[in-house]
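Coordinate analysis (summary)
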Amino acid sequence: MRGDNVVLKRKLQGQPVIGTWAQMKSPEFCELATRAGFDFIIIDMEHGSFGIEGAVEMIRAVDANGGVPIVRVPDHTSTNIFKVLDAGALGVLVPNVSTSDQARSIVEAASYGPKGKRGACPCTRGTGHGVDDWRGYLGWTRENVFVSALIETPEGVENFDDIVSVPGIDFVTLGPFDLAQALGYEGDYAHPDVQGRLEDLAGRAVAKGVGVMAATFESDSEGVRADFDRWVGHGVNVVVISSDRFFLASGMKNLVGTVRAT
């Protein structure tokens, strides 16, 4: 049986938890990020350029270095949720959750019967290909696999209290870029209106005992530290820092700019 989910463990202990996004089909990036000390990697099947086969290889790379693999599925389809959990994801992140009905459907898809509708199979990668005892695996999943609803639409903001009241929604993830676009700010995620709304949502979730994953798109140390401290001030201790593409784009632009300036 796999070890404890350190994201859940550290969250309960009030310790800082940090992760990053992986949008490129790169197990090597997942290895590098977890070896560098990130606690979790969000393997992004919504905006990433890969399918379930690529996601499995990236999950395996995160596992190998003791990290927590979380998969953002491309939509609410139960089949996608089934597949990534069977592949060994320890968290499933579902985009564009805007109503409590959607949240309940997601929880059902991520839960085995009789509580939910997840297909039961004793020989998936998640069960060690059949090596793990099924009943032991069931108990382990209840303690170590979580569901996060990505709130990134005005409707999701409006229905937020109903969404976080759905049993089985363990986390909400705050989506600043999509929300900024939907509100007419053309992706300006730093706009005070966007950040103010997200900070309000974070406080409401924390008050209900629901975990919050906040994101920063900063890639430099000072920017990351400032955003992390700000979210901690709002009771949030799980922060997603930048992404594979942001790290590369920021580093390359800085280096090229330095050389061109000489």
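Keep in mind it's a predicted model, so treat the numbers as computed, not measured.

1. As for the pairing of strand 1 (residues 17–22)
The element strand 1 is extensively covered by neighbouring structure, given that five of its six residues are classed as buried. The pairing of strand 1 with strand 8 (residues 238–243) spans four bridges and is classified as parallel. The residue bridging W21 from the neighbouring strand is S243, located in strand 8. Relative to strand 2 (residues 40–44), strand 1 runs parallel, the two sharing four bridges. Residue pairing for strand 2: G19 is matched across the bridge by F40. Between the parallel elements strand 1 and strand 2, the chain passes through helix 2 (residues 27–36) in a crossover that is right-handed.

2. Structural notes on the packing of aromatic side chains
Aromatic ring pairs are defined here through the distance separating the ring centres and the angle between the ring planes. With the rule as written, the count across this model stands at ten aromatic pairs. Ring geometry for F38 versus F247: centroids 6.4 Å apart, planes at 50°, classification tilted. Linking F38 in the loop between helix 2 and strand 2 with F247 in helix 12 (residues 244–260), this pair joins segments that are 209 residues apart in sequence. Classification of F38 as buried rests on a relative accessible area of 17%.

3. Considering the sheet that holds strand 2
With parallel pairing, eight strands are arranged side by side around a closed barrel as 1-2-3-4-5-6-7-8. Averaged over all neighbouring strand pairs, the angle between strand axes comes to 25°, with direction disregarded. Sheet contacts for helix 12: strand 1 and strand 8; angle to strand 8, the most-contacted strand, approximately 50°.

4. Focus: the pairing of strand 3 (residues 68–72)
By the criterion of burial, strand 3 is predominantly enclosed, with five of the five residues buried. Burial along strand 3 is two-sided: V68, I70 and R72 and P69 and V71, pointing in opposite directions, are all buried. Following the chain from strand 2 across helix 3 (residues 52–64) to the adjacent parallel strand 3, one finds a crossover that is right-handed. Examined bridge by bridge, strand 3 and strand 4 (residues 91–94) share three bridges and lie parallel to one another. Its bridge partner being in strand 4, R72 is matched across the sheet by L93. Traced from strand 3 through helix 4 (residues 78–86) to strand 4, the parallel crossover comes out right-handed.

5. Details of the nonpolar core
Within the largest apolar cluster, 57 residues are counted, with the highest numbers of intra-cluster contacts made by I43, I81, V92, I151 and V172. By residue number, the principal contributor to this core is helix 3, which donates six residues. Discounting chain neighbours no more than four positions away, the residues touching I81 are V73, H76, V92, V94, I106, A109 and A110. Ranked by size, the runner-up nonpolar core spans 21 residues in total, among them I70, L90, L138 and M213.

The rules behind the values
Residues numbered from 1 in each chain as written. Predicted model: local features only at pLDDT ≥ 70, side-chain atom pairs only at ≥ 80, totals over all residues. Heavy atoms only, no water. Buried < 20%, exposed > 50% of the residue type's maximum accessible area, 1.4 Å probe, protein only. Helix = DSSP H or I, 4+ residues; strand = E, 2+ residues; numbered from the N terminus. Pairing = 2+ DSSP bridges. Right-handed = clockwise from strand over helix to strand, strands pointing away. Phe/Tyr/Trp six-rings, centres within 6.5 Å; stacked < 30°, edge-to-face > 60°. Axes fitted to C-alpha atoms, helices over the stretch in contact; angles between N-to-C directions. Contact = heavy atoms within 4.5 Å. Core = buried A, V, L, I, M, F, W, Y, C linked by side-chain atoms within 4.5 Å.

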